[in-house]
Amino acid sequence: MCGRTACSLGADNLRRACAYRDRRGRRREPEWIQAERYQPSYNKGPQTRGPVLLSRRHLQQDADSSERVLMEMRWGLIPSWFKKDDPSKMQFNTSNCRSDTMLKKSSYKGALLKGKRCVVLADGFYEWQQQSGGKQPYFIYFPQTKDAVAKGKEEDEEWKGWRLLTMAGIFDCWEPPAGGEALYTYTIITVDASKDVSFIHHRQCWALTLTVLSPRMPAILDGDEAIRKWLDFAEVPTQEAVKLIQPTENVIFHPVSTFVNSVRNNTPECLTPIELGAKKEVKATPSSKTMPGWLKNSQEGSPQKKENDLPKWTSQFIHNPSPKKTSADILQQWLGKEGEPAAKKHKA
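Here the structure is a predicted model, which is why all the values come from computation and not from measurement.

Visitor: Lay out the pairing of strand β12 (residues 165-174) in plain terms, naming residues and giving numbers.
Guide: Along β12, ten of the ten residues are buried, which leaves the element largely enclosed by surrounding structure. Covered by surrounding structure in β12 are Leu-165, Met-167, Gly-169, Phe-171 and Cys-173 together with Thr-166, Ala-168, Ile-170, Asp-172 and Trp-174, the residues of both alternating faces. Here strand β9 (residues 117-122) pairs with β12 via six bridges, running antiparallel. Each residue of the ladder has a partner; that of Val-119, found in β12, is Ala-168. The pairing of β12 with strand β13 (residues 183-192) spans six bridges and is antiparallel. Residue Cys-173 lies in a different strand from β13, and its bridge partner there is Tyr-184.

Visitor: Kindly report on the environment of Trp-230, identifying the contributing residues and their values.
Guide: Its location among the elements puts Trp-230 in helix α4 (residues 224-231). Through-space distance from the C-alpha of Trp-230 to that of Gly-169 is 9.2 Å; in sequence the pair is 61 residues apart.

Visitor: With reference to specific residues and values, describe the pattern of salt bridges.
Guide: For the structure shown, the criterion picks out 21 salt bridges. A salt bridge links Arg-27 to Glu-29, with the nearest nitrogen and oxygen atoms 3.3 Å apart. For Glu-225, the salt bridge is made with Arg-228, and the minimal N-O distance between the two is 2.8 Å. Of the two residues, Glu-225 and Arg-228 are both situated in helix α4; the distance of three residues between them amounts to about one turn of the helix. Glu-225 gets classed as partly exposed once you look at its relative accessible area, which sits at 41%. Taken together, the shared-partner salt bridges in this structure form one network comprising Asp-22, Arg-26, Arg-28, Glu-31, Arg-56 and Glu-67.

Visitor: Any chance you could break down the packing of aromatic side chains for me, citing the residues and the numbers?
Guide: What the rule picks out here adds up to nine aromatic pairs. Aromatic ring contacts, followed pair by pair, group Tyr-126, Trp-128, Phe-139, Tyr-141 and Trp-162 into a single cluster. Across the ring face of Trp-230, the terminal group of Arg-117 is positioned such that the distance to the ring centre comes to 5.3 Å. Directly above the aromatic system of Phe-142 lies the positively charged group of Arg-163, at a separation of 3.7 Å from the ring centroid.

Visitor: Before we move on, can you summarise the environment of Ser-88 with the specific residues and values?
Guide: In this structure, Ser-88 sits in the loop between β7 (68-75) and β8 (96-98). Note on Ser-88: relative accessible area 54%, which makes it exposed. Placed 41 residues apart in sequence, Ser-88 and Gln-47 show a C-alpha to C-alpha distance of 9.1 Å. Within the structure, Ser-88 has its side chain in polar contact with the side chain of Asp-86 (distance 2.8 Å).

Visitor: Give a description of the nonpolar core that names residues and reports values.
Guide: Membership of the largest hydrophobic core comes to 61 residues, with the highest contact counts inside it found for Leu-14, Ile-170, Tyr-186 and Trp-230. No other element matches the six residues that β12 contributes to this core. Every residue in contact with Tyr-186, bar those within four places of it in the chain, is listed here: Gly-50, Val-52, Met-73, Arg-74, Trp-75, Gly-76, Leu-77, Thr-94, Cys-118, Val-120, Ile-170 and Phe-171. Counting 13 residues, the second-largest nonpolar core is a separate cluster that includes Tyr-42, Tyr-126, Trp-162 and Val-256.

Visitor: Tell me what's going on with α4, and back it up with residues and numbers.
Guide: All of the buried residues along α4 are Asp-224, Ala-226, Ile-227, Trp-230 and Leu-231. All buried residues of α4 lie within an arc of 160 degrees about the axis, which places them on one face of the element.

Visitor: Go over the sheet that holds strand β10 (residues 124-131), please, and point to the residues and values.
Guide: Either a parallel or an antiparallel arrangement is found when strands of a sheet pair, and the pairing is made through backbone hydrogen bonds. Overall, antiparallel pairing links the five strands, which are arranged β5-β1-β10-β11-β15 in an open sheet. Pairing within the sheet leaves two strands with one partner each, and these edge strands are β5 (41-44) and β15 (252-255). Each neighbouring strand pair of the sheet contributes to a mean axis angle of 30 degrees, computed without reference to strand direction. In terms of strand pairing, strand β11 (residues 134-141) meets β15 through four bridges, oriented antiparallel. Its bridge partner lying in β15, Tyr-141 is registered against Ile-252.

About the cut-offs
Residues numbered from 1 in each chain as written. Predicted model: local features only at pLDDT ≥ 70, side-chain atom pairs only at ≥ 80, totals over all residues. Heavy atoms only, no water. Buried < 20%, exposed > 50% of the residue type's maximum accessible area, 1.4 Å probe, protein only. Helix = DSSP H or I, 4+ residues; strand = E, 2+ residues; numbered from the N terminus. Pairing = 2+ DSSP bridges. Salt bridge = Lys/Arg side-chain N within 4 Å of Asp/Glu carboxyl O. Phe/Tyr/Trp six-rings, centres within 6.5 Å; stacked < 30°, edge-to-face > 60°. Lys NZ or Arg CZ within 6 Å of the ring centre and 35° of its normal. Polar contact = N/O pair within 3.5 Å; in protein donor to acceptor, adjacent residues only side chain to side chain. Core = buried A, V, L, I, M, F, W, Y, C linked by side-chain atoms within 4.5 Å. Contact = heavy atoms within 4.5 Å. Arc of directions from axis to C-beta. Axes fitted to C-alpha atoms, helices over the stretch in contact; angles between N-to-C directions.

Structure, rendered in structure tokens:
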């Protein structure tokens, strides 16, 4: 499942990171819809609001269906047919939607058949492994391009920062029965976990049959072609789009502090790598010396560095090929600390 994510980029950088090529091959950046509502977060849980990509045609009927917009929506889908006056009265957990039942359950089927497909954006997501001493959290994300760390120039247009994780989602629009502002909400589609992510689930699942507790992970759209097909509901029908929903092995992960366990903690410590053998709990203090510099600078307005001083990577939206998996030492360059533990890939 996917119950916690991080998306630390500020609104302008998020828009730049989502640049894409339109039907004519022109470079475009999606327009923000009510960008002022967006709040970056290192620790985002269900019922909070998060950024998603969707086709502009959902908001403007005469728009090109391949044109994209950015919009903040609440995590946890409220179907348009929900009749109660308070969305919190929804009795079911709709933060995740299983791929094998999304065309069967009424909460998702109607929206999916109407083409209400979106891409949920994040730096990565958290998963917990059950161990004898408790649960150990991990942060899971796309490999970053190791050969593109050269500093960018001020005139550079393309975003070459952190490669965002792009997860397939379904959204819907609920209108209060008594009138009022419409509420846009989304769910993240999940699939059977890949081999590497299954490793994190393993200790909590080994004694149970897979029919009781099957490891799940978000359905990740790897590359702009997959994103284009998922979003362009006018050109790509539902039955074709759902073929994109598959597990991926193109992720890496590292252990993080249990500081992330509380959704109230919202600082860079949440996703900072730790050494499991010498783990020290991070105290929630403003003066914490472990706060990673790259995370602080991912939001606009940072007094420490200008945006062009950040390490650079190529965006997956403009350059189609997925970067080859690396040891993920790139993260250490962001953190600016030699000797920090690198992200790990499980080896059978």
